Amino acid sequence: GNSVTQMEGPVTLSEEAFLTINCTYTATGYPSLFWYVQYPGEGLQLLLKATKADDKGSNKGFEATYRKETTSFHLEKGSVQVSDSAVYFCALIISGGTSYGKLTFGQGTILTVHP
Amino acid sequence: GAGVSQTPSNKVTEKGKYVELRCDPISGHTALYWYRQSLGQGPEFLIYFQGTGAADDSGLPNDRFFAVRPEGSVSTLKIQRTERGDSAVYLCASGPWPGASIGYTFGSGTRLTVV
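(A) Region of the structure containing the overall build of chain A. For chain A, the helix and strand inventory stands at zero helices and twelve strands. Secondary structure elements of chain A occur, N-terminal to C-terminal, as β-β-β-β-β-β-β-β-β-β-β-β. Evaluated residue by residue, chain A yields a buried proportion of 43% over its 115 residues. Sequence separation of at least 24 residues holds for 57% of the intrachain contacts in chain A that already meet a minimum separation of 6. Only carbon and sulfur atoms are counted for the fraction: they give 50% of the accessible area of chain A, which is about 5400 Å². With 8 positive and 10 negative side-chain charges, chain A shows a spacing of 10 Å between the two charge centroids.

Structure follows, in C-alpha cells:
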C-alpha cells in the first residue's frame, strides 16, 4: 500500500534558524508529492507540490525536492519566522487507477518558532 | 463560494445519537473527499465522490458511517449510533478533478465530540 512517514515532532526553533522536516514515502505507481500546512485554528492549505522526479516545489521560502532514488520529499526553509509556527503534513497522490486521487498523509510535524 | 464551507464547526453529541456533518464545496468542483483527523494524526481518507456518486467508500470505518451528495454539490456525512471513538475533526476537500495537480481546497473541518 501507499504510506508517508514524517520525522517525529514537535520541532522547536529560534527565529531565523534553518528548518528541515524529513518525509519519506512508499507508493505503488508514480506519486505526486505535496506539503500541506495547518495554521492554528485554520484548515489545511497547500504549501507546495512536485509531480515528478527531480521537480522542486517552492512557496513562501519553503522548498522540497522530489527524490525518487531515496523516496523522499524533505521540506526546508533557510530562515524561519514566528509566523511559520504550524503543523506540516507531507502527502502523496497516486494518479489513475482506483486511487481516485485520494491523498495519503503523514502524521504531521508540529513546528514552533520562538522570537 | 470562495472556499469549502463545513458546518457546524463544532458538534457535541451524546453517545448513541445520530449526527450529520455538511460540506459545501467550491462551485464547479466535481471531486469531493471526506477525511477524518484524530488528535495528533494526519487526516485519513473516508470517502470520495465524483459528481453525485460515491466512487470510493473504502475508508468508511463501518456501516454506521454513510455519506451522500445528491445533486453533485453539497455533501452530508452521516454517523449513526455515535461512539466515543468517533470523536475527531472531519475534513472535507474539493477539487476540479480527482488527482488535480493544483491540489485540493480543504474546509476548516467539523470537530465532533461524542460524550
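Having seen the model, we can carry on.
(B) Structural context of unusual backbone geometry. Omega for the peptide link from Gly9(A) to Pro10(A) comes to -10°, which places this bond in the cis form. The residue Pro10(A) is located in the loop between strand S1 (3-6) and strand S2 (11-14) in this model. Backbone torsion omega between Thr7(B) and Pro8(B) reads -10°, so that peptide bond is classified as cis. Topologically, Pro8(B) is positioned in the loop between strand S1 (5-7) and strand S2 (10-13). We note that Glu16(A) has phi near 80°; this positive angle belongs to a residue other than glycine. With respect to the element layout, Glu16(A) can be found in the loop between S2 and strand S3 (19-21). Even without a glycine there, the phi angle at Lys60(A) is positive, about 55°. Within the secondary structure, Lys60(A) is located in the loop between strand S7 (56-59) and strand S8 (62-65).

(C) Broad picture of the packing of aromatic side chains. As enumerated under the stated definition, the model contains 14 aromatic pairs over all chains in all. For the pair Tyr100(A) and Tyr48(B), a centre-to-centre distance of 5.5 Å together with 25° between the ring planes defines the contact as stacked. Taken as a pair, Tyr100(A) in the loop between strand S10 (86-94) and strand S11 (104-105) and Tyr48(B) in strand S5 (residues 44-50) lie in two separate chains rather than in one. Look at Tyr100(A) and you get partly exposed, because its relative accessible area is 29%. Three or more aromatic residues link up through ring pairs in this structure, and these residues are Phe34(A), Tyr36(A), Phe89(A), Tyr100(A), Phe105(A), Tyr33(B), Tyr35(B), Phe45(B), Tyr48(B), Tyr104(B) and Phe106(B). Residue placement shows Lys102(A) over the ring face of Phe45(B); its charged tip is 5.0 Å from the ring centre.

(D) Local environment of the interface of chain B and chain A. On the chain A side, the residues contacting the 22 residues of chain B number 18 residues. Roughly 1500 Å² of surface becomes buried between chain B and chain A when both sides are summed, with 62% attributable to carbon and sulfur atoms. Remark: the boundary between chain B and chain A carries one salt bridge. The interface formed by chain B and chain A includes six residue pairs in polar contact (both at pLDDT 80 or more). Every element with two or more residues in the side of chain B that touches chain A is listed here: strand S4 (31-37), S5 and strand S6 (53-56) of chain B. Considering each element in turn, the side of chain B that touches chain A owes the most residues, three residues, to S4(B).

Each value, and the rule that gives it
Residues numbered from 1 in each chain as written. Chains lettered and ligands numbered in written order. Predicted model: local features only at pLDDT ≥ 70, side-chain atom pairs only at ≥ 80, totals over all residues. Heavy atoms only, no water. Helix = DSSP H or I, 4+ residues; strand = E, 2+ residues; numbered from the N terminus. Buried < 20%, exposed > 50% of the residue type's maximum accessible area, 1.4 Å probe, protein only. Contact = heavy atoms within 4.5 Å. Areas by Shrake-Rupley, 256 points an atom, 1.4 Å probe, with all protein chains shown as cover. Lys, Arg positive; Asp, Glu negative; His and termini not counted. Charge placed at Lys NZ, Arg CZ, Asp CG, Glu CD. Phe/Tyr/Trp six-rings, centres within 6.5 Å; stacked < 30°, edge-to-face > 60°. Lys NZ or Arg CZ within 6 Å of the ring centre and 35° of its normal. Buried area = accessible area lost by both parts, 1.4 Å probe. Salt bridge = Lys/Arg side-chain N within 4 Å of Asp/Glu carboxyl O. Polar contact = N/O pair within 3.5 Å; in protein donor to acceptor, adjacent residues only side chain to side chain.

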